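Results of the structural survey
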Amino acid sequence: ANATVLAGKTSHLLVSFLSTVLTVLLVLSVSVFLYGTFYYAYMPVELHNLPVHLQFQPCPDSALRCSHPVAKVELKRNQKLLQGQPYSISLKLDIPDSPVNEDHGMFMSCLRISSSKGDQIGEACKSSIAPYRSPLLRNLETFSYSPALLTGWSTQKQEVHINYFSNFQTDPHAPAEVITVEIQSKHIQITEVRLEVHAELKGLRHLMYRHPWFSSFLGVSTNILILSTIILVSWARFLQPEETETVCELSEAETKSPTVETAQEKKPKDPKPVATKEVLSTTKATPTAPAPEVTPTPEVSPGPEVSPAPEVSPAPEVSPAP
């Protein structure tokens, strides 16, 4: 018997331990999943670095271009701009360090943002110029980077950074989906063009992006606290009705037992009903007020027996006169 009781207690403790461990793992996994879902739904991509492929119309009779280089960039689903989030949009040009670009001077470039239906949302045009470098600086740079230049690990080029928007926000009625880039010059030589869309993070997004470990710990801990509170409250509400029902049943049983006994003690014995149909009909027709209880009168003790009176003899008959 003791071994059976011990085995029952051990199995009960083992089941309780396993259920507790599984509940903790479930709460932890759900908390991590909720924070990850919130992060990827709330946080925008901090930087879109998109390649731009310029196209132009060549001239049939010469090596020059007969049109300005133009390119269209369509934003994909994971590259869409979030509503209410400010962005900075810029263009980075890699131009070769050639005499043509050195003698070119300033040039204009424009960037247009529109929706998929063709509605224009924003436009900006900026003038740019390649940074100046003296012949001595060019010679020193060539001499310093000569091993990398000879092996092909590096090339002689310059970077031109053009910022078009510093606080651009998309229109909720016409989201930005197409970006058009135009270089308004027919002579400048360009090696590579890249479009940079940088999200200007502020507030909670800045904290989540700049301090990911702290924000993830805070978010997962908050989710664990909320889920644990919900589980404990549900468990308490699930166990509370059984306890209240047992307490109510015990209290009702305790209150009913003395009242039944007192009612049985105080209930007078009803005399045998002796009534006629007329009395019953009158009582049913005209209800009367309950009569007051009549106190029983004390029994009268019988007095002494009275002796019967003596019999009176009849009078003698009178004779008639002569």
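None of the values given here were measured: they were computed from a predicted structure. (Residues numbered from 1 in each chain as written. Predicted model: local features only at pLDDT ≥ 70, side-chain atom pairs only at ≥ 80, totals over all residues. Heavy atoms only, no water.)

1. A closer look at the overall build of the protein chain
Along the backbone of the protein chain there are seven helices and eight strands. Relative to its full complement of 322 residues, the protein chain shows a buried share of 23%. If you take every contact in the protein chain between residues at least 6 apart in sequence, the share linking residues at least 24 apart comes to 79%. (Helix = DSSP H or I, 4+ residues; strand = E, 2+ residues; numbered from the N terminus. Buried < 20%, exposed > 50% of the residue type's maximum accessible area, 1.4 Å probe, protein only. Contact = heavy atoms within 4.5 Å.)

2. Focus on the sheet that holds strand S2 (residues 70–74)
Here four strands make up an open sheet; going across it, the order is S2-S7-S4-S5 and the pairing antiparallel. One side of each edge strand has no neighbouring strand; the edge strands of this open sheet are S2 and strand S5 (120–128). The sheet shows a mean angle of 15 degrees between the axes of neighbouring strands, taken without regard to direction. (Pairing = 2+ DSSP bridges. Axes fitted to C-alpha atoms, helices over the stretch in contact; angles between N-to-C directions.)

3. A short note on the packing of aromatic side chains
Scanning all chains against the criterion turns up four aromatic pairs. Measuring from centroid to centroid gives 5.3 Å for phenylalanine 165 and phenylalanine 168, while their planes differ by 55 degrees, and the two rings are tilted. Pair check on accessibility: phenylalanine 165 and phenylalanine 168 agree, each one buried. In this structure, arginine 65 packs its charged tip against the face of phenylalanine 56, placed 5.5 Å from the ring centre. One residue, arginine 205, lies across the ring of tyrosine 42, its end atom 4.4 Å from the ring centre. (Phe/Tyr/Trp six-rings, centres within 6.5 Å; stacked < 30°, edge-to-face > 60°. Lys NZ or Arg CZ within 6 Å of the ring centre and 35° of its normal.)

4. Quick word on the side chain of aspartate 97
With respect to the helices, strands and loops of the structure, aspartate 97 is situated in the loop between strand S3 (87–96) and helix H2 (99–104). On the basis of relative accessible area, aspartate 97 is assigned to the buried category, the value being 19%. Discounting residues that sit within four places of it in the chain, aspartate 97 has contacts with Arg133, Arg138, Gln156, Lys157 and Gln158.

5. Some words on the state of the cysteines
Using the criterion set out here, one finds two disulfides in the structure. Note on cysteine connectivity: cysteine 59 is disulfide-linked to cysteine 66, with sulfurs 1.5 Å apart. Its torsion about the S-S bond being 135 degrees, the disulfide of cysteine 59 and cysteine 66 is classed as right-handed. The exposure class assigned to cysteine 59 is buried, which follows from its relative accessible area of 17%. Among the residues examined, cysteine 66 registers a relative accessible area of 35% and is labelled partly exposed. Two residues, cysteine 110 and cysteine 125, share a disulfide whose sulfurs are 2.1 Å apart. Its S-S torsion of about 110 degrees marks the bond between cysteine 110 and cysteine 125 as right-handed, since a negative value means left-handed. (Disulfide = S-S within 2.5 Å.)

6. A short note on the environment of asparagine 167
Within the secondary structure, asparagine 167 is located in strand S6 (residues 157–168). Separated by 78 residues in sequence, asparagine 167 and isoleucine 89 have C-alpha atoms that sit 8.5 Å apart. Every residue in contact with asparagine 167, bar those within four places of it in the chain, is listed here: Pro86 and Tyr87.

7. Describing the side chain of serine 90
Relative to the assigned elements, serine 90 resides in strand S3. With relative accessibility at 6%, the residue serine 90 sits in the buried group. Looking at serine 90, its side chain comes within polar contact range of the side chain of histidine 161, at 3.4 Å. Apart from the residues lying within four places of it in its own chain, the contact partners of serine 90 are His161, Ile162, Asn163, Tyr164, Arg194, Leu195 and Glu196. (Polar contact = N/O pair within 3.5 Å; in protein donor to acceptor, adjacent residues only side chain to side chain.)

8. Observations concerning the sheet that holds strand S8 (residues 192–199)
Pairing within the open sheet is antiparallel, and its four strands lie in the order S1-S8-S3-S6. Looking along the sheet, the strands with just one partner apiece sit at the ends: strand S1 (47–52) and S6. Taking each pair of neighbouring strands and ignoring which way they run, the sheet shows an average axis angle of 20 degrees. Where S3 lies against S8, eight bridges are found, and the strand directions are antiparallel. When the bridges of S8 are listed, isoleucine 89 appears paired with valine 197.

9. Let's talk about the nonpolar core
Formed by 35 residues in total, the largest nonpolar core has its most connected members in Ile89, Leu91, Leu93, Leu111, Ile113, Phe165 and Leu195. Elements with a contribution of two residues or more to this core: S1, S2, S3, strand S4 (107–114), S6, strand S7 (178–184) and S8. For leucine 91, the residues in contact, after removing those within four places along its chain, are Val52, Val160, His161, Ile162, Tyr164, Val181, Ile183, Val193, Arg194 and Leu195. (Core = buried A, V, L, I, M, F, W, Y, C linked by side-chain atoms within 4.5 Å.)

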